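The chain contents come next:
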Amino acid sequence: MPVPYSSSSIRLDRVGDVVTAIGIIVVTSNFSGVTNQKVSETVPDGFRPVSAGTILMAGNNGQLWNIRCNSDGECWLSGSAAIGYQYAVLGSWITV
């Protein structure tokens, strides 16, 4: 899955009805204090959450940000990130 403000991708794995999102990413642009900004990236069919799912990114600089996704695949970004740091990615949700 593509990541906003990044050339990195998040890996989505599905086992049964459980989807996990994992990866290590870097951002290509700084952003700060973003709250529920709709982004163009979407969750692909077959991996979309039943109601909502959240992917958390934790940086080696202490910054946290997340992408919240709905059952239609649309996503919103919140948080802050900076160029030059790595962000561990983790998310999990139920799909059908």
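Anything mentioned here points back to the structure above.
Residues numbered from 1 in each chain as written. Predicted model: local features only at pLDDT ≥ 70, side-chain atom pairs only at ≥ 80, totals over all residues. Heavy atoms only, no water.

A. Summary view of the pattern of salt bridges. One pass over the full model with this rule turns up 4 salt bridges. Of the charged contacts in the structure, one is a salt bridge between Arg11 and Asp13, with a shortest N-O distance of 3.0 Å. Residue Glu74 pairs with Lys38 through a salt bridge whose shortest N-O separation is 2.9 Å. Of this pair, Glu74 sits in the loop between β5 (64-70) and β6 (75-81) while Lys38 sits in strand β3 (residues 31-39); the two residues are 36 residues apart in sequence, bridging distant segments of the chain. Judged by relative accessible area, Glu74 falls into the partly exposed class, the value being 27%. (Salt bridge = Lys/Arg side-chain N within 4 Å of Asp/Glu carboxyl O. Helix = DSSP H or I, 4+ residues; strand = E, 2+ residues; numbered from the N terminus. Buried < 20%, exposed > 50% of the residue type's maximum accessible area, 1.4 Å probe, protein only.)

B. Inspection of the pairing of β5 at higher detail. Every second residue of β5 is oriented toward a common face, the buried set being Trp65, Ile67 and Cys69 and the non-buried set Leu64, Asn66, Arg68 and Asn70. Following strand β4 (residues 52-59), the chain reverses through 4 residues before pairing antiparallel with β5; Gly62 in that reversal takes a positive phi of roughly 90 degrees. Two elements, β5 and β6, share 5 bridges in a ladder whose sense is antiparallel. Paired with Ile67 across the strands is Leu77, a residue of β6. Between β5 and β6, which pair antiparallel and follow one another directly, the connecting turn spans 4 residues, one of which, Gly73, has a positive phi of 95 degrees. (Pairing = 2+ DSSP bridges.)

C. Looking closely at unusual backbone geometry. A positive phi angle, close to 60 degrees, is found at Tyr5, a residue other than glycine. With respect to the secondary-structure elements, Tyr5 resides in the segment before β1 (11-15). Positive phi outside glycine occurs at Asn36, with the angle close to 50 degrees. Within the fold, Asn36 resides in strand β3.

D. A look at the environment of Ala21. By the element assignment, Ala21 lies in strand β2 (residues 18-26). Residue Ala21 is classed as buried on the basis of its relative accessible area of 0%. Along the chain, Ala21 and Arg11 lie 10 residues apart, while their C-alpha atoms are 5.6 Å from each other. Ignoring anything within four residues of it in the chain, the contact list for Ala21 reads Ile10, Arg11, Leu12, Ile55, Val89, Leu90, Gly91 and Trp93. (Contact = heavy atoms within 4.5 Å.)

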